[in-house]
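Structure assessment
Chain by chain, the residues:
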Amino acid sequence: MKARIYRPARNAMQSGKGKSRSWLLVFEPEVPRSIDPLMGYTSSTDMAQQVRLSFETQEEAEAYAQRNGIPYDVQPAHDPTPKRVSYPDNFRSDRKTPWTH
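As annotated in an unreviewed UniProt entry, the protein is ETC complex I subunit from Devosia elaeis.

Here it is as structure tokens:
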């Protein structure tokens, strides 16, 4: 049962950083999902897919995996690059792209 440790990216639909500061330990699927013949739902018999453990730091997540003998892979965190934009720059006369309606 292999696990993946990562820090989730922020939600693309919002500008906030909620739920993107903690590190998650998620188990990789061992059994592929199957389609229910009656209703057409996708399901799996692997209950470990439902487990998501959150930690404050990457080191805590790695220590937990090592203590419990769980093989894991760590994905590096993707920190966004801040883009400094000023509102008056939209109306400058020397813009690189012309401002049109």
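**Some remarks on the pattern of salt bridges**
On inspection of all chains with the given rule, the structure shows two salt bridges. For Asp73, the salt bridge is made with Lys2, and the minimal N-O distance between the two is 3.1 Å. Taken together, the residues Asp73 in strand S6 (residues 72–74) and Lys2 in the segment before strand S1 (3–6) connect sequence positions 71 residues apart. Asp73 gets classed as partly exposed once you look at its relative accessible area, which sits at 41%. The partly exposed category is assigned to Lys2, whose relative accessible area is 40%. Here Glu28 makes a salt bridge to Arg4, at a shortest N to O gap of 3.1 Å. With Glu28 in the loop between strand S2 (23–27) and strand S3 (34–35) and Arg4 in strand S1, this residue pair connects regions lying 24 residues apart in the sequence. Classification of Arg4 by relative accessible area gives partly exposed; the value is 26%.

**Considering a nonpolar patch on the surface**
Residues Leu38, Met39 and Tyr41 make up a contiguous nonpolar surface patch of roughly 400 Å² in combined accessible area. Note on placement: Met39 falls in the loop between S3 and strand S4 (42–43). Residue class for Met39 comes out exposed when judged on its relative accessible area of 51%.

The rules behind the values
- Residues numbered from 1 in each chain as written.
- Predicted model: local features only at pLDDT ≥ 70, side-chain atom pairs only at ≥ 80, totals over all residues.
- Heavy atoms only, no water.
- Salt bridge = Lys/Arg side-chain N within 4 Å of Asp/Glu carboxyl O.
- Helix = DSSP H or I, 4+ residues; strand = E, 2+ residues; numbered from the N terminus.
- Buried < 20%, exposed > 50% of the residue type's maximum accessible area, 1.4 Å probe, protein only.
- Patch = residues over 30% accessible without salt bridge, like charges linked within 9 Å, V, L, I, M, F, W, Y side chains within 5 Å.
- Areas by Shrake-Rupley, 256 points an atom, 1.4 Å probe, with all protein chains shown as cover.

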